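Working through the structure, step by step
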Amino acid sequence: MKKIFLILTLIFVFNFNAFSQASSVENVRIRLFSDKNIEQVMFIPSFGSYFLETEQGDKLKLSKTTKLIVKDLDGQLEIKINDTIYKKAKKINLTPSGLKSFFQIKPLNPQITERRYEDGLEITSKNKSLFIINVVKTDNYIAGVVQSETWGATTNIDFFKVQAICCRNYLMNNLEKHAGEGYNLCDGVHCQAYKTRANKKEVTEGAYKSKGEVIVDSQGNIIETLFHSNSGGETVNAKDVWGKDVPYLVSVEDSFSVGGKHYQWEKYIKLKDWLNYFRNKGLNIKDKEIEDALLTFSQESGRKTDIMGISLKTIREDFDLKSTYFNVQKWGGEVKLTGKGYGHGVGMSQEGAIKMCEEGYEYWEVIEHYFKGVKVIKQ
Ligand SMILES: [Zn+2]
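Now for a description of the structure that goes with this document. Starting afresh in each chain, residues are numbered from 1 along the sequence in its written order. This being a predicted model, a pLDDT of at least 70 is required before a residue's local features are given, and a value of 80 or more before pairs of side-chain atoms are given or counted; all residues contribute to the totals for chains, interfaces and linings. Hydrogens and waters are ignored; side-chain quantities use all the structure's heavy atoms.

1. Side note on the overall build of the chain
Cut-off, in case you're wondering: Numbering of helices and strands runs from the N terminus, with a helix taken as a DSSP run of H or I at least four residues long and a strand as a DSSP run of E at least two residues long. For accessible areas, the Shrake-Rupley method is used with a probe of radius 1.4 Å. Any residue's cover is judged against the shown protein chains and nothing else. Within this scheme the basic residues Lys and Arg register as positive and the acidic residues Asp and Glu register as negative, but His and the chain ends are omitted. A charged residue contributes its charge at one atom only: NZ of Lys, CZ of Arg, CG of Asp or CD of Glu.
Looking only at helices and strands, the chain features 10 helices and 22 strands. For the chain, the spread of C-alpha atoms along the principal axes amounts to about 80 × 65 × 40 Å. Here the chain has roughly 19,100 Å² of accessible surface; of this, 51% comes from carbon and sulfur atoms. With 53 positive and 48 negative side-chain charges, the chain shows a separation of 5 Å between the mean positions of the two kinds.

Structure follows, in structure tokens:
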């Protein structure tokens, strides 16, 4: 009896910890301009006011017109306020004083176009350049990522909900990605592109209305939300691309991708190059049957995984093809590849998801169409 009680207690404690960890992330630390060495940067409050604090314990209120310039000086920061030197410090925190605040940040050396972000900022010096961290509310970060990655494709709010939920899944699964460097995620494609705050009404509405929602598999684990541009009409098993079976990343029929912007493609390759490629892979191209198979390869009746044992994934990489979903025909001295879809084809087709949302499907129906056996839950 005691044993059962102990096990139940352990299960409860474990689940409680897992749950509270995921749901208690109110702020995240995102490194800005992470792919550049920034020596000098300008900060201007755009909305609301900010406090400038240093490790020396001082606190100065900045108004909306204050121009703050921070320069790296051999491991120290030189702070200028409205072109006058204010002081030197090792660490600067810019904390918002109101409920909603955002700022403009512009690297001056090197010169990079200014960006706008919400909430706080922390600047230190590391390896002779500025180490700039946006300390941002999780929901504001998610909205910013959705706008950075998908704005321009549609104005459909449900699609932005789908994107926000996928983005939240990624964040939850990767909170420790840069833990050793003192932040959660970077602003580049290495993590998720985060180049702006969200200021488009449809994006913010989509992000905030799906607040706290994540996608879990049948075991309750937060899933990896892989996506691509267009599936060509049928998505791909994760196993066929990466060799690892993932129960929710399995092939589904996808009529919603048909006719999308990246639905079709063509490519011509010299006949000699095509055949020699397979000869170098060990095939006897002098054998008429093998040659025929290489010149008449077809996926008309559905996606395949290889051409005579050579994986389509490898062929796609070697010939720089938009997808693995193509047919081959001889075309004079060349072969003509007629293809469908764009990207690896695993998980969600972005163009298909947009089409579903525009046709009136609910955002969770879109998610359940592309990821098998999953559920959207609110944390
Ligand atoms: Zn990163």
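Okay, back to it.
2. Here we look at the coordination of the zinc ion
Threshold: Coordination shells were defined by N, O and S atoms within 2.8 Å of each metal, extended to 3.2 Å for Na, K and Ca; water is absent from the atom set, which can make sites look incomplete. Each residue is assigned to one of three classes by its accessible area relative to the maximum for its type, calculated with a 1.4 Å probe on protein chains only: buried under 20%, partly exposed between the two thresholds, exposed over 50%.
Only His178 (NE2), Cys186 (SG), His190 (ND1) and Cys191 (SG) from the protein coordinate the zinc ion, and they sit 2.0 to 2.3 Å from it. The sequence pattern describing where the donors of the zinc ion fall on their chain is H-x7-C-x3-H-C. A residue is classified by how much of its surface remains accessible, and Cys186, at 5% relative accessible area, is buried.

3. Notes on the pairing of strand S10 (residues 115-118)
This is how it is decided: One bridge is not enough; two strands pair if DSSP finds at least two bridges between them.
Relative to S10, strand S9 (residues 102-109) is paired through 4 bridges, and the arrangement is antiparallel. If you follow Gln104 over to S10, its bridge partner there is Arg116. Two successive antiparallel strands, S9 and S10, enclose a turn made up of 5 residues.

4. Description of the packing of helix H6 (residues 271-280) against helix H7 (residues 288-295)
Note the threshold: Helix axes are fitted to C-alpha atoms over the stretch in contact, other axes to C-alpha atoms as well, and angles between N-to-C directions run from 0 to 180 degrees. Orientation categories follow fixed angle ranges, with anything under 35 degrees roughly parallel, anything over 145 roughly antiparallel, 65 to 115 roughly perpendicular, and all other angles oblique. Crossings are sorted by hand: turned counterclockwise from the far helix by less than a right angle, the near helix makes the crossing left-handed, and turned clockwise it makes it right-handed. In what follows, a contact means two residues having at least one pair of non-hydrogen atoms within 4.5 Å. In the scheme used here, Gly and all other residues not listed as nonpolar or charged are polar, with Ala, Val, Leu, Ile, Met, Phe, Trp, Tyr, Cys and Pro taken as nonpolar and Asp, Glu, Lys and Arg as charged.
Running from amino to carboxyl end, H6 crosses H7 at an angle of 120 degrees, the nearest separation of the two axes being 11 Å. Comparing the axis directions of H6 and H7 gives the class oblique. Here H6 and H7 pass one another in a crossing that is right-handed. Contacts between H6 and H7 involve Leu271, Trp274, Leu275 and Phe278 on the former and, on the latter, Glu291, Leu294 and Leu295. When grouped by side-chain class, the residues that make up the contact of H6 with H7 number 6 nonpolar, no polar and 1 charged.

5. Here's the deal with the packing of helix H2 (residues 138-150) against helix H3 (residues 157-173)
Contact pair H2 / H3: the axes reach a minimum separation of 9 Å and the direction vectors enclose 120 degrees. Classified by chirality, the crossing of H3 by H2 is right-handed. Residues Thr138, Asp139, Tyr141, Ile142, Val145, Val146 and Thr150 of H2 form the contact with H3, whose participating residues are Phe159, Phe160, Gln163, Ala164, Cys167, Arg168 and Leu171. Class assignment of the residues belonging to the contact of H2 with H3 gives a composition of 9 nonpolar, 3 polar and 2 charged.

6. Re the packing of aromatic side chains
Rules: Only Phe, Tyr and Trp rings take part, Trp by its six-membered ring, and two of them pair if their centres are within 6.5 Å. Stacked means planes under 30 degrees apart, edge-to-face means over 60, and tilted covers everything else. Over a ring means this: the NZ of a Lys or the CZ of an Arg is within 6 Å of the ring centre and within 35 degrees of the ring normal.
Tallied over the full model, the rule gives 18 aromatic pairs. Between the aromatic rings of Phe43 and Tyr50, the centroid separation amounts to 5.4 Å while the plane-to-plane angle is 85 degrees, which identifies the pairing as edge-to-face. Here Phe43 and Tyr50 have matching classes, each one buried. Positioned above the aromatic ring of Phe51, the side-chain terminus of Lys59 is 4.6 Å from the ring centre. A cation over an aromatic ring shows up here: Lys322 above the ring of Tyr342, its NZ or CZ 5.5 Å from the ring centre.

7. Some points on unusual backbone geometry
A cis amide bond links Asn109 to the next residue, Pro110, at an omega of -5 degrees. Relative to the helices and strands, Pro110 is located in the loop between S9 and S10. In this structure, Asp83 is a non-glycine residue whose phi angle is positive, near 75 degrees. Among the secondary structure elements, Asp83 is positioned in the loop between strand S6 (76-81) and strand S7 (84-89). Judged by relative accessible area, Asp83 falls into the exposed class, the value being 52%. Unlike most non-glycine residues, Asn127 shows phi in positive territory, near 50 degrees. Within the element layout of this structure, Asn127 appears in the loop between strand S11 (120-126) and strand S12 (129-137).

8. Observations regarding the sheet that holds strand S20 (residues 334-340)
Taken in spatial order, the 3 strands of this open sheet run S16-S20-S19, and their pairing is antiparallel. Looking at which strands have only one partner, the edges of the open sheet turn out to be strand S16 (264-270) and strand S19 (326-331). Put simply, the sheet's adjacent strands are angled 20 degrees from each other on average, direction ignored. By the bridge criterion, 6 bridges tie S19 to S20 in an arrangement that is antiparallel. Looking at S20, one finds that Phe326 is bridged to Gly339. Contacts between H6 and the sheet are confined to S16, S19 and S20, with S16 contributing the most and set at about 85 degrees to the helix.

Function cannot be read off these values alone, since they describe shape.
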